[in-house]
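# Structural description and commentary
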Amino acid sequence: MSDLMEYQVALQKDGIFDTYESASLFADSDDDAVEKAKAWAHSFDGTPEDAWLQVVMSGKGIATLRPGEFSRPHF
């Protein structure tokens, strides 16, 4: 069983340091953290269209997803 690591996630306005929402989550890899961050971002009613999703661990940037890169698929 792998050790879980703590990641910080944030929805930021226009990719700058004005934060809509933020949280911590635990994941066993960077890829898992990004997938969990996407799910977290979808948990809000009406995620702002200009929001960027940031995933960080211990101050190191893991992923930055621009608006539209983490949105739900439209069917």
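See the structure shown above.
Scope of this entry: the structure provided in the associated data block. (Residues numbered from 1 in each chain as written. Predicted model: local features only at pLDDT ≥ 70, side-chain atom pairs only at ≥ 80, totals over all residues. Heavy atoms only, no water.)

## Notes on the side chain of Gln54
Looking at where Gln54 falls in the secondary structure, it is placed in strand S3 (residues 51-57). For Gln54, a relative accessible area of 17% corresponds to the buried category. A polar contact is formed between the side chain of Gln54 and the side chain of Gln12, at a distance of 3.5 Å. (Helix = DSSP H or I, 4+ residues; strand = E, 2+ residues; numbered from the N terminus. Buried < 20%, exposed > 50% of the residue type's maximum accessible area, 1.4 Å probe, protein only. Polar contact = N/O pair within 3.5 Å; in protein donor to acceptor, adjacent residues only side chain to side chain.)

## Details of the pattern of salt bridges
If charged atoms from side chains of opposite charge come close, those side chains can pair. Summed over the entire model, instances satisfying the criterion amount to 4 salt bridges. Residue Asp50 pairs with Lys13 through a salt bridge whose shortest N-O separation is 3.5 Å. Of this pair, Asp50 sits in the loop between helix H1 (30-41) and S3 while Lys13 sits in strand S1 (residues 5-13), and the two are 37 residues apart along the sequence. By relative accessible area, Lys13 is classed as partly exposed at 28%. (Salt bridge = Lys/Arg side-chain N within 4 Å of Asp/Glu carboxyl O.)

## Re H1
The first and last C-alpha atoms of H1 sit 16 Å apart over 12 residues, in line with the 16 Å expected at 1.5 Å per residue. Looking at the buried residues of H1, the elements they touch are S1, strand S2 (19-27), S3 and strand S4 (60-65). (Expected span 1.5 Å × (residues − 1). Contact = heavy atoms within 4.5 Å.)

## Remarks on the nonpolar core
Residues Leu11, Leu25, Leu53 and Val55 are the most contacted members of the largest nonpolar core, which totals 16 residues. The set of elements that each furnish at least two residues to this core consists of S1, S2, H1, S3 and S4. It is H1 that provides the largest number of residues to this core, a total of 5 residues. Beyond its immediate stretch of four places on either side in the chain, Leu25 contacts Met5, Glu6, Tyr7, Val9, Ala33, Lys36 and Ala37. (Core = buried A, V, L, I, M, F, W, Y, C linked by side-chain atoms within 4.5 Å.)

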